[in-house]
Amino acid sequence: MRLRVAAGGPAALKVLAAAGAAAAPVRLVWAGPLERPLAPLSTPWAPALELDSGTILFSPNAICQFFFLARGEEPTDLTNQWLEWEATELQPAASAALYAQLVHGKKGLEAVEALGKLLAHIEQNLSRRGTAYLAGDTKSVADVVVWGTLFPVLQDETSLPSKSEIGVLRTWFQSMTFSEACRKAADSVLMPKALLEFKSYLQKQPPPCLAMERATSNEPEEEEGSEPALTEEEITAAADAWGRGAAALPKPWQPQKPVLPVEGMRNILITSALPYVNNVPHLGNIIGCVLSADTFARYCRLWNWNTLYVCGTDEYGTATETKAVEEGLTPQEICNKYNAIHADIYRWFNISFDFFGRTTTPYQTMIAQDIFQRLLARGFLLQDTMEQLRCEDCQRFLADRFVEGTCPFCSYKEARGDQCDKCGKLINAVELKNPQCKLCRGVPVVKPTQHLFLDLPKLQEQLEPWLEQSWATGDWTANARYITRSWIRDGLKPRCITRDLKWGTPVPLDGFRDKVFYVWFDAPIGYLSITANYTDQWERWWKNPQQVELYNFMAKDNVPFHSVIFPCSLLGADDNYTLVNHLIATGSAQERVRGQRQRHPRRGRGRGSAPEHLAMRQFVLPRPKFGPPANAWE
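Read on for an overview of the structure. No experiment lies behind these values; they were computed from the predicted model shown.

This next bit is on the overall build of the protein chain. Across its full length, the protein chain carries 22 helices and 18 strands. Burial status across the protein chain gives 53% buried among its 634 residues. Taking as baseline every contact in the protein chain between residues at least 6 positions apart, the subset at least 24 positions apart corresponds to 77%. Just so you have it, the protein chain exposes about 29200 Å², and 53% of that area is on carbon and sulfur atoms.

Turning our attention to the sheet that holds strand 3 (residues 48–50). Sheet architecture is open: four strands sit in the order 2-1-3-4, paired in mixed fashion. The open sheet is flanked by strand 2 (27–30) and strand 4 (56–57), the only strands paired with a single partner. In this sheet, strand 2 lies alongside strand 1 (residues 2–5) in parallel orientation, the contact comprising four bridges. Looking across to strand 2, one finds that L3 is bridged to L28. On top of the sheet, helix 1 (residues 10–21) reaches strand 1 and strand 2; it is set at about 155 degrees to strand 1, its chief contact.

Another aspect to go through is helix 6 (residues 141–154). Its 14 residues give helix 6 an end-to-end C-alpha distance of 19 Å, which sits within 8% of 20 Å, the value for a rise of 1.5 Å per residue. The largest bend along helix 6 measures about 30 degrees and falls at G148, with the proline P152 one to four residues further on. A large share of helix 6 lies buried, amounting to 14 of its 14 residues.

Structurally, N544 is set in the loop between helix 19 (539–542) and strand 17 (548–555). N544 sits in the buried class, given a relative accessible area of 10%. Residues contacting N544, with those up to four places away along its chain left out, are P261, E539, N576 and T578.

This part covers helix 5 (residues 116–129). Across its 14 residues, helix 5 extends 20 Å between first and last C-alpha, which sits within 8% of the 20 Å expected from 1.5 Å per residue. Among the residues of helix 5, those classed as buried are L118, L119, H121, I122, E123, N125 and L126. G130 occupies a position one or two residues after helix 5 and carries a positive phi of about 65 degrees.

What follows deals with the pattern of salt bridges. Tallied over the full model, the rule gives 22 salt bridges. Across the salt bridge formed by R266 and E549, the nearest N and O atoms sit 2.6 Å from each other. Here the residue R266 occupies a position in the loop between helix 10 (232–244) and strand 5 (267–272), and E549 occupies one in strand 17, the gap between them amounting to 283 residues. Across the pair R396 and E321 runs a salt bridge whose closest N-O atoms are separated by 3.1 Å. Remark: E321 occurs in helix 12 (residues 318–327) and R396 occurs in strand 9 (residues 396–397); sequence separation between them is 75 residues. Like E321, R396 is buried. Connected through shared salt-bridge partners, R374, E539, K543 and D575 make up one network.

Attention now moves to the packing of helix 1 against helix 2 (residues 60–70). A pair of packed helices is characterised by two quantities: the angle between their axes and the separation of those axes. Packing of helix 1 against helix 2 brings their axes to within 9 Å, and their N-to-C directions diverge by 5 degrees. With respect to each other, helix 1 and helix 2 are oriented roughly parallel. Residue-level contacts link A11, K14, V15, A18, A19 and A21 of helix 1 to P60, N61, I63, C64, F67 and F68 of helix 2. Each residue belonging to the contact of helix 1 with helix 2 can be placed in one class, and the counts come to 10 nonpolar, one polar and one charged.

The three strands lie next to each other as 11-10-12, forming an open sheet whose pairing is antiparallel. The outermost strands of the open sheet, each flanked by one partner alone, are strand 11 (415–416) and strand 12 (433–437). For strand 10 (residues 403–406) and strand 11, the ladder comprises two bridges, and the chain directions are antiparallel. Note that in strand 11 the partner of G405 across the bridge is A415.

What follows deals with the environment of C410. Within the element layout of this structure, C410 appears in the loop between strand 10 and strand 11. Taking relative accessible area as the criterion, C410 reaches 28% and is therefore assigned partly exposed. Distance from C410 to C420, taken between C-alpha atoms, is 8.6 Å for residues 10 residues apart in sequence.

In this structure, I270, I371, F372, L454 and L463 are the most contacted members of the largest nonpolar core, which totals 85 residues. When near neighbours in sequence (up to four residues on either side) are disregarded, I371 contacts F521, I525, S569, L570, A573 and Y577. In terms of nonpolar packing, the next biggest core, distinct from the first, is built from 55 residues, A17, L49, I166 and F173 among them.

Between helix 1 and helix 8 (residues 180–189), whose axes approach to 8 Å, the crossing angle comes to 140 degrees. Considering the angle they form, helix 1 stands oblique to helix 8. Of the two possible hands of crossing, helix 1 and helix 8 adopt the one that is right-handed. Here helix 1 contributes A12, L13, L16, A17, G20 and A21 to the contact with helix 8, which in turn contributes A181, C182, A185, A186, S188 and V189. Along the lines of polarity and charge, the residues of the contact of helix 1 with helix 8 split into 10 nonpolar, two polar and no charged.

What follows deals with the packing of aromatic side chains. Tallied over the entire structure, the rule returns 23 aromatic pairs. Centre to centre, the rings of W303 and W305 are 5.8 Å apart; their planes meet at 20 degrees, and the pair counts as stacked. Look at W303 and you get exposed, because its relative accessible area is 52%. Residue classification places W305 among the buried residues on the basis of a relative accessible area of 18%. Measuring from ring centre to ring centre gives 4.3 Å for W520 and F561, while their planes differ by 10 degrees; the resulting arrangement is stacked. Separated by 41 residues along the polypeptide, W520 in helix 17 (residues 519–522) and F561 in helix 20 (residues 559–573) bring together distant segments of the chain. F561 matches W520 in its accessibility class, with the two residues each being buried. Taken together, the aromatic side chains of F296, Y299, W303, W305, Y551 and F553 make up a single cluster linked through ring pairs.

About the criteria used
- Residues numbered from 1 in each chain as written.
- Predicted model: local features only at pLDDT ≥ 70, side-chain atom pairs only at ≥ 80, totals over all residues.
- Heavy atoms only, no water.
- Helix = DSSP H or I, 4+ residues; strand = E, 2+ residues; numbered from the N terminus.
- Buried < 20%, exposed > 50% of the residue type's maximum accessible area, 1.4 Å probe, protein only.
- Contact = heavy atoms within 4.5 Å.
- Areas by Shrake-Rupley, 256 points an atom, 1.4 Å probe, with all protein chains shown as cover.
- Pairing = 2+ DSSP bridges.
- Axes fitted to C-alpha atoms, helices over the stretch in contact; angles between N-to-C directions.
- Expected span 1.5 Å × (residues − 1).
- Bend = angle between axes of the 7 residues up to and from the residue.
- Salt bridge = Lys/Arg side-chain N within 4 Å of Asp/Glu carboxyl O.
- Parallel < 35°, antiparallel > 145°, perpendicular 65-115°, else oblique.
- Nonpolar A, V, L, I, M, F, W, Y, C, P; charged D, E, K, R; others polar.
- Core = buried A, V, L, I, M, F, W, Y, C linked by side-chain atoms within 4.5 Å.
- Left-handed = near helix turned anticlockwise from the far one by under 90°.
- Phe/Tyr/Trp six-rings, centres within 6.5 Å; stacked < 30°, edge-to-face > 60°.

Remember that the coordinates give geometry; whether it matters functionally is a separate question.
Quick look at the structure:
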């Protein structure tokens, strides 16, 4: 495999250090620093790893991870958390500090001011854990990646805070710097001539923007000097409006019912991720997707923007079927029961949905099948054979949660057919050891079955320019951009969109009529069908990108489905669909709940413990907007 790097580029440092630390057998190719990157979403100076198979990795962190994986070192949850933190928190601040040093000529502590809280975060974690390295007592990919980001900025000892402030971090940093792999990487990359070329490149770029600077903890902080400058005219106008009192305020916008886009107004369409119907909503659902979207919807209405906020229960798939089996009910009865529970809880919290619906409706079938037929007609669907577990006693293929067994990664004995709840790894059901049918406890056999796949590689050429435009004009959280980039750079692969189930939207194609759509092809279409159940003029919202701004709120787990798979489905359908303009992702549901319990251990244990407006608002500011809360890393 060939590793292409440009001398002087900071990202080259971490990938060369990772290659050395993992003893990766790479052939090094030094590229010109200003050569055009190999991928449209890559920045200049970005490294690239070309595998023997022809696959090319463009993400520096993905390249580093690949080297360690190839050596047999699987990342732990803690390693992954450090990698995400480095990408979303540390990299932007380090870029700003490097710009201050090379372009503005700042020295010492002044140059690394933006890193202060982040260095303290590393210091606190190393001290609290008492380990020599970030994720344990042995060096991991997280150490190499974090060191590679810090070293260009902190190689001058005067840039480091005093030993009394970051003594443990200093020890870790020096240990990494003096290691053979890191030392050789620094000597190769940070050559004087190459650094001058990189400095010249930086001077032509705007300074990195840290307008959304955030602390590593999630406690609200006062920002000094952040008030925008006001003109004399603005101050005079504000004083005049204040003097005229409430009578001078614009009249509150009273939209028609149903709410429909209005020519000449700002039309805001807001969705929060559809909660699974098979359970009672928990704090993770409320704090992340629903509360965030509700707060924004109220804000939009205060601005007199024409706003529609929709949500509903996601009711198809294996989770519903298994819950029905557990409770001795039909899938439809389960959906009816828990949809009512969901709606009641959101009413109690006074969530301001314009409409709260569900996905088990005729509109869902009609719209999902129409999108499918358009994709099929345009050549964006493939047929292929998959090996799947089949229970001969039940006479059915066992999709996802209908099979349990021993995890092939951590040996947990109750792993599901899609994921292990202990180690968190995604699993192909046929990989399970000692699999059992969850319905009859029989031993399934492996058999081939035909399925349909969305041709994501073919759709990538439409997806990438749309993403670039959406990122340039919209507001995407840092973790949403990072997760999406990682999917794109690792190369898209065909995605199965069918399942051998009975409970779901039927596949309208001969040879597949005994199957249903996979929930993650089907579920996002629920936004459209829920709106269709609200108004028969739903297309004025969902086929009107010229007039409508779409905001999606979700947990970070759901980002790829909303930023890659669903947009690809709509782009391929080619029917003027409204695509997401702004994607706001919080930490995962489990992380949100854990973080809130650590902060407020006695809150939220009873629904009647506080008025709903207080119970709701106590979670607005401390919610983990950009990722897992720092105190959830325990």
